[in-house]
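What the coordinates show
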There are 2 protein chains.
Amino acid sequence: MSEQPELTIQGWGPSGSAAEREPRDEPDLGAALPKPARRYLAKELGWTPRSTPPVAVADIRLAPSRLPEEARTVLVGLLGEANVRTDREARLRRAGGKSYLDLLRRREGDASDAPDAVVSPGTTEETAALLGACSELGVVVVPFGGGTSVVGGLAGIDPDDRPSIAVDLGRMASVQALDVPSSLVTVGPGMRGPALEHELAREGLTFGHLPQSWEFATVGGYAATRSAGQASTGVGRFDDLVAGLTLATPSGVLELGHPPASAAGPDLLGLALGSEGTLGVITELRLRVRPTPSASSYEGWSFRSWAAGLAAIQQLARNDLLPDVVRLSDSDETRTNLLMAAGTGARALRTTLRARGHGEGCLLVLGWEGLPAMLRARSRTAASLLRDGGGTRLGRRVGESWRKHRFQAPYLRDTLLDAGLMVETLETAATWSALPTVYDAVRRALRESLTRDGRRPLVMSHVSHGYPTGASLYVTVVADRDDDLPIQQWLSAKRAATDALLGAGGTLTHHHAVGADHRPWLEREIGPLGVEVLRAVKERLDPNGICNPGVLLPD
Amino acid sequence: MSEQPELTIQGWGPSGSAAEREPRDEPDLGAALPKPARRYLAKELGWTPRSTPPVAVADIRLAPSRLPEEARTVLVGLLGEANVRTDREARLRRAGGKSYLDLLRRREGDASDAPDAVVSPGTTEETAALLGACSELGVVVVPFGGGTSVVGGLAGIDPDDRPSIAVDLGRMASVQALDVPSSLVTVGPGMRGPALEHELAREGLTFGHLPQSWEFATVGGYAATRSAGQASTGVGRFDDLVAGLTLATPSGVLELGHPPASAAGPDLLGLALGSEGTLGVITELRLRVRPTPSASSYEGWSFRSWAAGLAAIQQLARNDLLPDVVRLSDSDETRTNLLMAAGTGARALRTTLRARGHGEGCLLVLGWEGLPAMLRARSRTAASLLRDGGGTRLGRRVGESWRKHRFQAPYLRDTLLDAGLMVETLETAATWSALPTVYDAVRRALRESLTRDGRRPLVMSHVSHGYPTGASLYVTVVADRDDDLPIQQWLSAKRAATDALLGAGGTLTHHHAVGADHRPWLEREIGPLGVEVLRAVKERLDPNGICNPGVLLPD
């Protein structure tokens, strides 16, 4: 059994944390947001700080479970009474994910996307039997790992409106085997990053996948959504780190992947990665691990302009000199981050940057990890290219500060939502050639959509995953919330931004996955025949369409 | 139009070369094989050198084309008269590939696997129209790139015995676009390595994919078979280097891949890679290129034993210190290579190794490429680990000698075949933990199968592609040929070796692909449900089963 903390129902953080105290009358802005930042946001956005707390958890509306008694009996027969739950607590905690829209609904007291039951299989065999039974019973199955999706991956929408269950993978959350010479660990899908790192550390190993959701997300979820982490530039995307996996489907069990590499036909492992629960449930993973780096160094750099910063990291990329972590903020994000960071260090840095003509500059965080000799050679060779590109080294303090706060943003979001703000992110990736166009197009679309009555959004961007051929682009949007139509406000902006980024050559998503939110655009990404190929695979493995029907594939 | 030389019909090398001179009465052993090597092989194998030349090319039997006149008229309507050929020369040159079995057949005068016609589309649109027409006409389509398959990838076998055509991609063999900032080149599938490198060199770029078939194989073929090259440890396998491709199928055209990376669902690009023509024809590729390395260094090392050598490169692998080229020969291959290498250098090296107690040792070739500072740091840090593992550095001469002869083996094979020898290779990959077991199992199986009447095979192995989780294993077998039943002799040995390597945990193929030769084992590799998934995809894209039906999927 997993002893990993659950997420709070209406926001981010472990259950029982501040975000779950209820009701909250006054937003606690002072603690999270220094006064200069509050003044800055109010002026920038035309925002009036106000109290917009969520409803009490006890007041969240939850319809009775629709799971037929006959189906419940079958599931209990397979998994045992304790592993088939229909109680309010269990269902509420598996309702949807953690996108802005998810939080809006939960804060308004809407849990209409909650599953009718929560079941917890303990093995691959139990999961396969469960899927076979649900296929016969006509019960929709939504795999549940950490519940951190930000694209509606747990929406549970079914065109036929059948009853649905969340398959919680918390009982399959341990290390099952460790092959040290081959740098491979076999783990259950419900395992989270902290527990995995804890187990590996005993052997002097690390996994190193560190998305912002690291405290709560699971390895099964990472695989199902093609996650990328903050150090993916160095250690690789999550899909690069999966050497094999077991996929239980309504039609049987697939064992996929043959490390280290194979030329035995098309890549079926790559079909399971990113399948978002539409083909079945991932029940086991073989992951590549590595020795714990014996040295690490995080440092800050500054560039006068976004274009100069991009050109410099593109030079690193083409020369195979990218660091493990690379994060270039545009001037809007740089300015905002420096204002949000309380303390004299940030003030001093602002002064320094202004003095050097970098007042409207872009901050670059680089993180290096590895053997000391290699780290030195890489960072020195890279530094020389960065200086050639106009970069100024700011030293380790900036880098270490970023590292310290790397998982903080989702916590801050709850505070901002309490105070009448809209906060959401979106992301894409493009080739180095297309990236500037994509950047301009997304910003323009968001600004046009979210400007109204003298209020305008703050659109902040950074590049955070570098590749030889291009990079990801991550965009954070903050705006005064439309209290009457908050959902429509964001949906319009998201639609405009997505149309814009696809039109400019970006990909639909670099690491958030498709979910329910992006599926109207999947055909634009992979073409109608591509969608047909995915449908053919789904029909073979899930003939009754019970596996997470609300995501990925368009209706 | 491509001006790339065609391969000779009965062996390796450009058409018109020595291998195509006919008839050959006496094997020219002296030039290719120094006397000590000949004596060594005769003793080791129980082999009597004898003349076993191929039949004259003019005497190869070729059945009349079975392409119906109606079908020919349709194809001519689509592609023009000049691009639909049924002449003997065109058909013979597209008959099969270059495996030992292919060569045996062609040397015996058998061309029963020749296509009924050879067609040459010039564009994606023409290829798609061609596939649509062939699907209606019931004509089997075998894509033809360089014709270098060693696993029966061009066998053209059809359970329904329909007429077949080779789709020669030689007209689609040029660079179509180069995006230097994004390190991406767009090329036609018929392009070969030398021409591609020539075009890229003008821009200071290189592609760097260097399989032994480099002089003749095409990029479309590399993609269709998941090729790996001699420098794949450094630059990546071919599948890692494909950022996108266009696949023309009987059901329409797929545009796959979205560089630099995407989380928009399952990886359809990975389904096309390794599809071996069974889903359609690859008509365009976007490949990742890199700056031409400004420094390179190839060096030799020696280890007392295979186990010590393996352990040492596993240490490099886990510490992310593998060179661009890594090639560890076992003691059988080391001894043979040193005897085959004529000249005083090889003799002196043998003496040196004996003096150091490495008389039965294993040779390791390492190749480093890149920026000078990085090359120095990598090779020095690696050298320290190699010395800790018992390695002795032999210097650059050994490394440079390997580099000079890197494409020679297939030429030598023709000479050996002329002299009564059986010569074939096979390959696999396994995790570092499983590799020693796979190695033992394959050697035992080959020795048992090929030992008869006091004659026994020479089985030589090397590891040539390293990964963090394991490595490839490449095996060369030489034996006295069974002149009565040469095909059965090899088929029995191949069957025994394949059963053995799969049983020990190896993959069916690391870079030769499945073809006709490995397809009986595909189900063991990916499971019956995995085969069903591939069939579902094929049925959607190729409903009439005209796309290379003789390969990949079992009957």
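Throughout what follows, the structure given in this document is the object of discussion. Note that the coordinates shown come from a computational prediction; the quantities given were computed from them, not determined experimentally. (Residues numbered from 1 in each chain as written. Chains lettered and ligands numbered in written order. Predicted model: local features only at pLDDT ≥ 70, side-chain atom pairs only at ≥ 80, totals over all residues. Heavy atoms only, no water.)

**Let's talk about the relation of the copies chain B and chain A**
Between the two copies, chain B and chain A, the superposition gives an RMSD of 0.0 Å; the rotation angle is 180° and the shift along the axis is 0.0 Å. The superposition of one copy onto the other is thereby described by a two-fold rotation axis. Residue by residue, 100% of the interface of chain B is reproduced at the interface of chain A, so both copies engage with the same surface. (Least-squares fit on C-alpha atoms with pLDDT ≥ 70 in both. Contact = heavy atoms within 4.5 Å.)

**Looking at the pairing of strand S6 (residues 184–187) of chain A**
All names here are of chain A. Alternating positions in S6 separate into two faces, Leu184 and Thr186 on one and Val185 and Val187 on the other, with burial throughout. For strand S5 (residues 175–179) and S6, the ladder comprises four bridges, and the chain directions are antiparallel. Considered in S6, the bridge of Asp179 is made with Leu184. If you look at the hairpin formed by S5 and S6, you'll find four residues sitting between the two strands, and Ser183 has a positive phi there, around 55°. (Buried < 20%, exposed > 50% of the residue type's maximum accessible area, 1.4 Å probe, protein only. Helix = DSSP H or I, 4+ residues; strand = E, 2+ residues; numbered from the N terminus. Pairing = 2+ DSSP bridges.)

**Re the environment of His358 of chain B**
All names here are of chain B. Checked against the element boundaries, His358 lands in the loop between helix H14 (344–355) and strand S14 (362–370). When the C-alpha atoms of His358 and Ser331 are compared, they prove to be 9.6 Å apart, with 27 residues separating the residues in sequence. Non-local contacts of His358, meaning those with residues more than four positions away in its chain, are made with Ser302, Phe303, Arg304, Leu353, Gly390 and Thr392.

**Looking at the pairing of strand S17 (residues 458–463) of chain B**
All names here are of chain B. For S17, a buried count of six out of six residues is recorded, marking the element as mostly surrounded by other parts of the structure. With burial as the criterion, each face of S17 is covered, one bearing Leu458, Met460 and His462 and the other bearing Val459, Ser461 and Val463. Of the pairings in the sheet, the one linking strand S13 (residues 325–329) to S17 comprises two bridges and is antiparallel in character. Pairing of Ser329 across the sheet is with His462, part of S17. Pairing of S17 with strand S18 (residues 470–480) involves five bridges; the strand directions are antiparallel. By the bridge assignment, His462 is partnered in S18 with Tyr474.

**Digging into unusual backbone geometry**
Looking along the chain, the bond that leaves Pro259 of chain A and enters Pro260 of chain A is cis, with omega of 5°. Relative to the assigned elements, Pro260 of chain A resides in the loop between strand S9 (252–256) and helix H11 (269–272). Unusually for a residue other than glycine, Asp320 of chain A sits at a positive phi of about 60°. Among the secondary structure elements, Asp320 of chain A is positioned in the loop between helix H12 (306–318) and strand S13 (325–329). Positive phi, close to 55°, is recorded for Ser183 of chain B, a residue that is not glycine. Positionally, Ser183 of chain B belongs in the loop between strand S5 (175–179) and strand S6 (184–187). For Ser183 of chain B, a relative accessible area of 1% translates into the label buried.

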